[in-house]
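# A closer look at the structure
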Amino acid sequence: MKKLAVLFGLLLSATTFAHMSGETVAPLAKDASDAQKQAVRDGAQDFCDSAEEDEKEECVMDFFANHNLEEEPSCD
């Protein structure tokens, strides 16, 4: 029973963090439009805005990779 409670707590905390600001952007399909690509860029900007300057580029690269956007990140 104790293991079940710990597992439930872990699952609940994982779903809470999965819905952070900027993570509402769906991954791109192979034939994505420019507007969809821009939505991923904007989502990365919002999501990584609070990251330190040194970690921001890595955060944007990870966001792009998770959303199937294959381009170099711009942290401007």
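Residues numbered from 1 in each chain as written. Predicted model: local features only at pLDDT ≥ 70, side-chain atom pairs only at ≥ 80, totals over all residues. Heavy atoms only, no water.

Right, let's talk about the overall build of the protein for a bit. When helices and strands are counted, the protein shows 3 helices and 0 strands. Along the protein, helices and strands appear, N-terminal first, in the series α-α-α. Residue pairs in contact within the protein that sit at least 24 positions apart in sequence constitute 43% of those at least 6 positions apart. (Helix = DSSP H or I, 4+ residues; strand = E, 2+ residues; numbered from the N terminus. Contact = heavy atoms within 4.5 Å.)

With that out of the way, let us pick up the pattern of salt bridges. Pairs may arise between side chains of opposite charge once their charged atoms sit close together. Under the criterion given, the structure shown has 2 salt bridges. Residue Arg 41 pairs with Glu 71 through a salt bridge whose shortest N-O separation is 2.8 Å. Residue Arg 41 is found in helix H2 (residues 34-48), and its partner Glu 71 is found in the segment after helix H3 (53-66); the two are separated by 30 residues along the sequence. The exposure class assigned to Arg 41 is partly exposed, which follows from its relative accessible area of 28%. Residue Glu 71 is classed as partly exposed on the basis of its relative accessible area, which comes to 32%. (Salt bridge = Lys/Arg side-chain N within 4 Å of Asp/Glu carboxyl O. Buried < 20%, exposed > 50% of the residue type's maximum accessible area, 1.4 Å probe, protein only.)

The final tally for this structure, using the stated rule, is 1 disulfide. Note on cysteine connectivity: Cys 48 is disulfide-linked to Cys 59, with sulfurs 2.0 Å apart. Between Cys 48 and Cys 59 the disulfide shows an S-S torsion of about -80°. By sign, it is left-handed. Of this pair, Cys 48 sits in helix H2 while Cys 59 is found in helix H3, placing the two residues 11 residues apart along the sequence. Cys 59 shares its class with Cys 48; the two are buried. (Disulfide = S-S within 2.5 Å.)

Another point: the packing of H2 against H3. Two quantities define a packed helix pair, namely the angle between the helix axes and the distance between the axes. The interhelical angle for the contact between H2 and H3, taken along N-to-C directions, is 140°, at an axis separation of 9 Å. One element, H2, and the other, H3, form an angle in the oblique class. The two elements H2 and H3 meet at a crossing, and its hand is right-handed. Facing H2, whose interface residues are Val 40, Arg 41, Gly 43, Ala 44, Gln 45, Phe 47 and Cys 48, H3 presents Lys 56, Cys 59, Val 60, Phe 63 and Phe 64. When grouped by side-chain class, the residues that make up the contact of H2 with H3 number 8 nonpolar, 2 polar and 2 charged. (Axes fitted to C-alpha atoms, helices over the stretch in contact; angles between N-to-C directions. Parallel < 35°, antiparallel > 145°, perpendicular 65-115°, else oblique. Left-handed = near helix turned anticlockwise from the far one by under 90°. Nonpolar A, V, L, I, M, F, W, Y, C, P; charged D, E, K, R; others polar.)

The next thing to look at is the nonpolar core. Among the nonpolar cores identified, the biggest contains 10 residues, and these are Leu 28, Ala 32, Val 40, Ala 44, Cys 48, Cys 59, Val 60, Phe 63, Phe 64 and Leu 69. Tallying contributions element by element places H3 first for this core, with 4 residues. (Core = buried A, V, L, I, M, F, W, Y, C linked by side-chain atoms within 4.5 Å.)

The quantities given are spatial measurements derived from coordinates; they are silent on function.
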